[in-house]
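Chain by chain, the residues run as shown.
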Amino acid sequence: MKRVLLATLCALLPIAGSVLAQVRIAAPSAAPAATPENLEFFEKRVRPLLLENCASCHSGNQPLGGFRLDPIADILKGGTHGPVLVGRDPEKSRLIRAIRHLPGVAAMPPSGKLSPDQITVLTEWVRRGAPLPAPAARKAANAKTSGGFPLELRRQHWAYRPMRRPAVPPVKNRAVIRNPIDAFLQARRESAGIRPAPPTDRRTLLRRVTYDLIGLPPTPAEINAFLADRSPNAYEKVVERLLASPHYGERWARHWLDLVRYAESLGHEFDYTIFNAWRYRDYVIRAFNADVPYDRFVTEHLAGDLLPDPRYDRVTGENESIQATGFFWLGEGKHSPVDVRQEQADRIDNQIDVIGKAFLAQTVACARCHDHKFDPIPTRDYYALYGILKSSRFQQAILDAPTRFNPVRSEIAAELRTVDRVELADRWKENLTRIDEKRLESLLPPGPTTEKPIAPINEWKGTGPAFAALARTGDLIVSRDAHHLPPTLIARPTAHSALHTRRFAGILRSPTFTIDRDYLHLRVAGKNTRVYIIVDNFLMIRDPLYGPLIQSVDDPRPHRRSVDLRRWKGHEAYIEVADSPVPHPGTIDAPVLPESAGQPSDAWIALHDAFLSDTDEPAVSAHPLTGLAPADRRQAMVAALERWVLRETAESDTPALELWDALLQAGLLDVSSLGPTIERVTALEATIPVPRLSLAMTEGTGRNERVFVRGSHRTRGEEAPRLRLAVCFNETDRTPTPTGSGRRELAARIASPRHPLTARVLVNRLWKHHFGVGIVPSVDDFGHMGEKPSHPELLDWLAGELVRQRWSIKRMHRLMVLSNTYRMSSRASDPVAERKDPKNVLLHRMSVRRPEAEVIRDSLLAVSGRLNRTLFGPGVAPFLQQQDGRGFPPTGPPDGDGRRTLYLQIRRNFPSLFLTAFDFPTPFTTIGRRSVSNVPAQALTMMNSDLVWQQAEFWAKRVLAERNGAPASAVIRSLYESAYGRPPTSVETAALLRYVEGRDDPEIWSQVCHALYNAKEFIYVF
């Protein structure tokens, strides 16, 4: 389509400015160097690097070259050769030239060049303006750290003090008070001598609250209904309608996804897909819609797989609680790292960072290399958390409730109990006499190993119905796969996924062990399954480095597998035995599941033993039957068979029973009498549903971690017992180290109503999204380096109210949006208030806000009529204009099939250019406060984006098709009410009537729609 912009925009210039002229929209100033993000970068990345590599020469009374790093602020002074930093220019800064070993400067460190990653960190720090803590903070930190780490002194900070319930303050002007929120704010205004703004008009209020609660513009029908409702509680009814809308969960789930760095790919080189990530997103939507109490929500995130009372969805029957733990998965992941321990350390560091910021607004990860410089977080606390997370494992959990599989299991077990084992024993004893002696000799299996197993099979833990119980000696397995293998009698206690049926799926995991020998030996059998060796919880098990850690099993006969583990000697590991269709976390891309055919899998796997050895051939003893004469061997087998089938087998019979298993597998025994049983079991198997899977965590072997000296995993110090945390508590709780990972105990602490941070952090986040700025502006940092609360009493009152209201988030929404403060106008009506409170800290009026990128895109679709309001499901491929690059994913249509932005895939290496232009955050850590820029790229995006033009054309064609002979002025009014929630002024109507000149040309009207999209009023909320 020909894009005629100039005439359209010139005609509509008065329109674009008519409303905006009445409010203030200030372009943000350039960001200072010492932002919270930059200071965190310094504390986590730069300070440890300088201390480890430079402080030995550049501290003390006689620093080398007169250049001091002690105190760290002296870096700005330079040395005898002058300043070492030049503005934000790394290329001209002497420090960067020295660490790059460029000519003309002394190479630093003299002992050897820093690694490329370290050089990149220091270069980026200089590029950011070399941010350092403010002098007051440095002075306070120096004072507090003298004489050790004064934990109790640091706990005196306001955020760590116990919550209290402040009294609602009295005010003079009671007319502006609707609830206690107004009283707290009005008391501050009165003390400052300023007046609050008058209420806003009903159209603006409806648009404001609709965007806030569901992230979409109100429809003309909703506007008209609200204007027609003159009842005193008309607005309250709107709030209830919006909170009950399924789109409420979509809106507030997106806010939460910012906190857990949600993405559907792992980044790094190939940007591998995180299989099933979308299920976590859908869990969050449902949780908000159901108003799950926040303390429960937190508990499910940290320990949803460990709860004795998991929540199950009433519609699907899926386990909701376990899906919450999927947020642990969502960090970046490296493909084939050379140092797998470093990869584990970085991944757990990211998890600790997200837990600390999202739930507690604490920069706990700053204590990775040293005690936190400002907050009461010792390094040992960091590694206490590290041990908790290291003792947890990733899994693709089966979401179905046990009741979905138990009835079938019970029926199959009952069917097997009907087999007459005495008759079966007699029949098989008779058949045994017909087998040739030499054939018997050839079937003798190897004797048992002399090595100690990694752990007895009964100590391995299974998830899913396939490993709900161990197969016991003498158990009968009759389930057949496509190869029609004969029935099997279990020789000794075995982990067998087809104990009841081959149609069940699951995972069996060993305890964690240290790889202290060169080889791992396994004795397995199975079809179309795998065994994984998980080293240091590493996820992406792939060639070229990690391929041997995956062993495919596709042989129904018990056989030995040997794995060379010399490369990982000294590391921690565990083994996973996986029955399809449950993929291991190492299966990054979506596996080919039988779901597509609507049938469960008939794969199965059996594990007999697993042990470590220093040799590549397992040492085994001679088979006990080898030394017997043929007649004696036959007699021994017959005797064992009789006791075996009748469930009277002694452990000493195991060798003979293994031989009997070999006979059965070889098809040498007549099992025709089991035909009817097999048919009935097969019929029952046809009713087994396909399991549904989701990202989740599961419990591992509880193991403490040692403190990494200066953050290096290669240098380990004292042990840090799990859960012995001082962080953020006003009590020295020294609970004994738990036997498991400690996640459940950690969840109980963080979700406690006595915790000084959890409720405060949550209500502050809600406040930020409703009023533009948090009561504590640094929403992710309540520590000493964060900003102080503007209304501390109100913050405590709200936090206490959250707890008193049973942690209901929806009740807090009601409290905030029903307040008089929320209903105020955003227009600057009081010059005195503007002069005394220019930043609107005291909320003398509402602030004008630009919604997030997703809301802008969703509004385009909603107004045009293209919005697909379907909830849930896999993500839609984003529209990507670049068409090459390693790991490049399929690109989707410009409008994403009309789905809300929440349902577009978020790929770390290939972000949406439209969303990026409007400050969509990079999903690397918790982002509770997005950047809000005002740059030319945004106007150019709205002007030239394929999406905007496409929706303008769709919108124009729709309104013309629905015109039904209405005059052009009525069409213009409809466009304005859809886009801005208000009718056009007479000037705006006249300008557009002159432009369209009575024509029904879709191209002309699409230009009108495009211009309406491009007015600032469309992307701002007043």
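Reading guide: rules and limits
Residues numbered from 1 in each chain as written. Predicted model: local features only at pLDDT ≥ 70, side-chain atom pairs only at ≥ 80, totals over all residues. Heavy atoms only, no water. Helix = DSSP H or I, 4+ residues; strand = E, 2+ residues; numbered from the N terminus. Buried < 20%, exposed > 50% of the residue type's maximum accessible area, 1.4 Å probe, protein only. Contact = heavy atoms within 4.5 Å. Areas by Shrake-Rupley, 256 points an atom, 1.4 Å probe, with all protein chains shown as cover. Pairing = 2+ DSSP bridges. 1 Å grid on protein atoms, 1.4 Å probe; cavity = no way out; pocket = protein on both sides within 12 Å on 5 of 7 lines; lining within 4 Å. Points joined across faces, edges and corners; volume = space filled by probe spheres on them. Nonpolar A, V, L, I, M, F, W, Y, C, P; charged D, E, K, R; others polar. pLDDT = per-residue confidence, 0-100. Axes fitted to C-alpha atoms, helices over the stretch in contact; angles between N-to-C directions. Parallel < 35°, antiparallel > 145°, perpendicular 65-115°, else oblique. Phe/Tyr/Trp six-rings, centres within 6.5 Å; stacked < 30°, edge-to-face > 60°. Expected span 1.5 Å × (residues − 1).

Broken down by element type, the protein chain carries 34 helices and 14 strands. A buried classification covers 58% of the 1022 residues belonging to the protein chain. Long-range contacts, defined as pairs at least 24 residues apart, comprise 75% of the intrachain contacts of the protein chain with a sequence gap of at least 6. Accessible surface computed for the protein chain: about 40,800 Å², of which carbon and sulfur atoms make up 54%.

Within strand E11 (residues 604-613), 10 of the 10 residues are buried, leaving the element largely enclosed by the surrounding structure. Two elements, strand E5 (residues 495-496) and E11, share two bridges in a ladder whose sense is antiparallel. Within E11, the residue paired with His496 across the bridge is Ala606. Where strand E8 (residues 519-535) and E11 come together, nine bridges link them in antiparallel fashion. The residue of E11 that forms the bridge with Ala525 is Ala606.

As a volume, the second largest pocket reaches approximately 570 Å³. Together, 31 residues line the second largest pocket, and Ile322, Ile398, Gly462, Thr463 and Gly464 are the ones closest to its centre. Elements with a minimum of two residues in the lining of the second largest pocket: strand E1 (392-398), helix H17 (406-417), strand E2 (461-463), strand E6 (506-509) and strand E12 (693-699). With four residues, E1 is the single largest residue contributor to the lining of the second largest pocket. The residue makeup of the lining of the second largest pocket, split by class, is 15 nonpolar, 10 polar and six charged.

Looking now at the confidence of the model for the protein chain. Per-residue confidence for the protein chain averages 84 on the pLDDT scale, and 86% of its residues sit at or above 70. Per-element averaging of pLDDT across the protein chain places helix H1 (residues 6-18) at the bottom with 43 and helix H10 (residues 234-244) at the top with 98. A low-confidence stretch, residues 138-147 (pLDDT under 50), is modelled with 12 contacts involving residues beyond four sequence positions or located in other chains.

What follows covers the packing of helix H8 (residues 202-214) against helix H11 (residues 246-259). Any two packed helices are characterised by the angle at which their axes cross and by the distance between the axes. Between H8 and H11, the shortest axis-to-axis distance is 6 Å and the interhelical angle comes to 75°. As the angle between them shows, H8 and H11 are arranged roughly perpendicular. Note on element contacts: H11 touches H8 through His247, Tyr248, Arg251 and Trp252, opposite Tyr211, Asp212, Leu213 and Ile214. For the contact of H8 with H11, the per-class residue count stands at five nonpolar, one polar and two charged.

This part covers the packing of H17 against helix H22 (residues 675-685). The interhelical angle for the contact between H17 and H22, taken along N-to-C directions, is 180°, at an axis separation of 10 Å. Classified by the angle between their axes, H17 and H22 sit roughly antiparallel to one another. In this structure, H17 uses Val408, Glu411, Ile412, Glu415 and Leu416 to contact H22, whose residues at the interface are Thr677, Arg680, Val681, Leu684 and Glu685. A per-class count over the contact of H17 with H22 returns five nonpolar, one polar and four charged.

The next subject is unusual backbone geometry. Note the cis peptide between Asp543 and Pro544, where omega equals 10°. With respect to the helices and strands, the residue Pro544 is situated in the loop between E8 and strand E9 (550-564). With a phi angle near 50°, Asp536 is a residue other than glycine that sits in the positive phi range. Secondary-structure assignment places Asp536 in the loop between E8 and E9.

Here we come to the environment of Leu216. Structurally, Leu216 is set in the loop between H8 and helix H9 (220-228). Given the relative accessible area of 1%, Leu216 is considered buried. Along the sequence, Leu216 and Ile856 sit 640 residues apart, while their C-alpha atoms lie 8.8 Å from each other. For Leu216, the contacting residues outside a window of four places in its chain are Thr210, Tyr211, His247, Asp858, Ala862, Leu867, Arg869 and Arg900.

On to the side chain of Asp212. You can see Asp212 is positioned in helix H8. We classify Asp212 as buried; its relative accessible area is 3%. What Asp212 contacts, discounting residues up to four positions off in sequence, is Arg251, Trp252, His769, His770, Tyr822 and Arg849.

Glancing now at the packing of aromatic side chains. This structure, assessed with the given rule, holds 29 aromatic pairs. Plain terms: the ring middles of Phe327 and Phe359 are 6.1 Å apart, the flat faces sit at 90° to each other, and that makes the pair edge-to-face. Here Phe327 is found in the loop between helix H14 (320-324) and helix H15 (340-360), whereas its partner Phe359 is found in helix H15, with 32 residues between them in sequence. On the basis of relative accessible area, Phe359 is assigned to the buried category, the value being 0%. Centre to centre, the rings of Trp955 and Tyr1013 are 5.1 Å apart; their planes meet at 35°, and the pair counts as tilted.

Our next topic: the environment of Thr219. Looking at the element boundaries, Thr219 is found in the loop between H8 and H9. For Thr219 and Gly981, which are 762 residues apart along the polypeptide, the C-alpha to C-alpha distance reads 7.8 Å.

Turning our eyes to something else, we now look at helix H25 (residues 792-804). Between its first and last C-alpha, H25 extends 18 Å over 13 residues, near the 18 Å set by a 1.5 Å rise per residue. For H25, the complete set of buried residues consists of Leu794, Leu795, Asp796, Trp797, Leu798, Ala799, Gly800, Glu801 and Leu802. Residues of H25 that are buried sit in contact with helix H7 (180-192), helix H24 (758-771) and helix H26 (809-817). Trailing H25 by a residue or two, Arg806 shows a phi angle of about 60°, which is positive.

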